[in-house]
Amino acid sequence: MTENEVMKTIMYRRAIRRFEGKQIAEDELEQILQAGVYAPSAGGRQGVIFAVCQDKEVNEKLGKIKRANSNFRMSTATSYVSKEQPSIVDDPKLINAFYDAPIVITMFAPRNFLFSVEDCAVAAENMMLMATSLGVGSCYIGQGWTAFADPFGQEILKKWDIPNGYYAVMQLLLGYPRKEDKHPMAKPRKEKRILRF
Ligand SMILES: Cc1cc2nc3c(=O)[nH]c(=O)nc-3n(C[C@H](O)[C@H](O)[C@H](O)COP(=O)(O)O)c2cc1C
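In this report, we go over the structure that sits alongside the text. Just so you know, these numbers come straight off a predicted model, no measurement behind them.

### Some details on the packing of helix α2 (residues 26–37) against helix α4 (residues 116–133)
Phase 1 of the analysis: In contact at an axis separation of 7 Å, α2 and α4 are set at 150° when each is read in the N-to-C sense. With respect to each other, α2 and α4 are oriented roughly antiparallel. α2 and α4 meet at a crossing whose hand is right-handed. For the pair α2 and α4, the contacting residues are Q31, I32, L33, A35 and G36 in the first and A123, N126, M127, M130 and A131 in the second.

If you want it as structure tokens, here you go:
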């Protein structure tokens, strides 16, 4: 459909929630982080902090806390997130909201800044596209603060030395997609979302 490499990457990117257990290559992780660091930021303030956790035990504990603190309606036969890469909304057996991803990047930003969420979101998209281009799977996880909503989470925030006044906006999961899985298909796009004048 297109020869443009950026467009091809955009079209190919999908949320990946089923990961190989192994870590991704260090140079790939570094490129993905640089893609985040070079994202736009409101007023050029570069306020986002990227806390990269590759500790399996910590990621699992935080993912379980997040799952326990999430309120949502489970999927139905006609309304679901993904059949190929099920989310916690799709499958009640998933008890880790980070899906055992080998890398969980929590993105922190100032609590009292109007554009903290946008700053994290644009950095995350840069990182997801870079990950896709390298064959690394990624998934955006919203409401990052719910992973820290108990004493273990609070202890981790202290250990990571997160500055006062910063909060966890979101997480970005990274890992190689499982070899046995087919790459997921995009859902059909809803019509009439582009208005041209
Ligand atoms: C703001 C935002 C929050 C999201 N939060 C979650 C989440 O908490 N858990 C999850 O599994 N996926 C989450 N996702 C991923 C979406 O479910 C996914 O992007 C969507 O189903 C479309 O699929 P695709 O990314 O493969 O095109 C989030 C995506 C966005 C943009």
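### Let's talk about the pairing of strand β4 (residues 166–175)
Phase 1 of the analysis: Among the 10 residues in β4, nine count as buried, and that is most of the element.
Phase 2 of the analysis: Here strand β2 (residues 103–110) pairs with β4 via eight bridges, running antiparallel. The residue bridging A109 from the neighbouring strand is Y167, located in β4.
Phase 3 of the analysis: In the sheet, strand β3 (residues 137–141) pairs with β4 via five bridges, with the strands oriented antiparallel. Directly across from G137, in β4, lies its bridge partner G175.

### So, a nonpolar patch on the surface
Phase 1 of the analysis: Where nonpolar side chains cluster on the molecular surface, the patch consists of V6, M7, I10 and M11 and spans about 330 Å² of accessible area.
Phase 2 of the analysis: Note that M7 resides in helix α1 (residues 5–12).

### Examining the side chain of E20
Phase 1 of the analysis: Along the polypeptide, E20 turns up in the loop between α1 and α2.
Phase 2 of the analysis: Although buried, E20 forms no salt bridge, and the nearest oppositely charged side chain, K179, lies 4.2 Å from it.
Phase 3 of the analysis: Of note is the side chain of E20, whose polar atom sits 2.8 Å from the backbone nitrogen of K179.
Phase 4 of the analysis: Sequence-distant contacts of E20, that is, excluding residues within four places in its chain, are made with P102, Y176, P177, R178, K179 and E180.

### Digging into the sheet that holds β4
Phase 1 of the analysis: One open sheet holds the four strands; their spatial order is β1-β2-β4-β3, and the pairing between them is antiparallel. Every other strand in the sheet has two partners, leaving β1 (49–53) and β3 as the edge strands with one partner each. Neighbouring strand axes in the sheet, compared pairwise and without regard to direction, differ in orientation by 25° on average.

Procedures and definitions
Residues numbered from 1 in each chain as written. Predicted model: local features only at pLDDT ≥ 70, side-chain atom pairs only at ≥ 80, totals over all residues. Heavy atoms only, no water. Axes fitted to C-alpha atoms, helices over the stretch in contact; angles between N-to-C directions. Helix = DSSP H or I, 4+ residues; strand = E, 2+ residues; numbered from the N terminus. Parallel < 35°, antiparallel > 145°, perpendicular 65-115°, else oblique. Left-handed = near helix turned anticlockwise from the far one by under 90°. Contact = heavy atoms within 4.5 Å. Buried < 20%, exposed > 50% of the residue type's maximum accessible area, 1.4 Å probe, protein only. Pairing = 2+ DSSP bridges. Patch = residues over 30% accessible without salt bridge, like charges linked within 9 Å, V, L, I, M, F, W, Y side chains within 5 Å. Areas by Shrake-Rupley, 256 points an atom, 1.4 Å probe, with all protein chains shown as cover. Salt bridge = Lys/Arg side-chain N within 4 Å of Asp/Glu carboxyl O. Lys, Arg positive; Asp, Glu negative; His and termini not counted. Polar contact = N/O pair within 3.5 Å; in protein donor to acceptor, adjacent residues only side chain to side chain.

The quantities given are spatial measurements derived from coordinates; they are silent on function.
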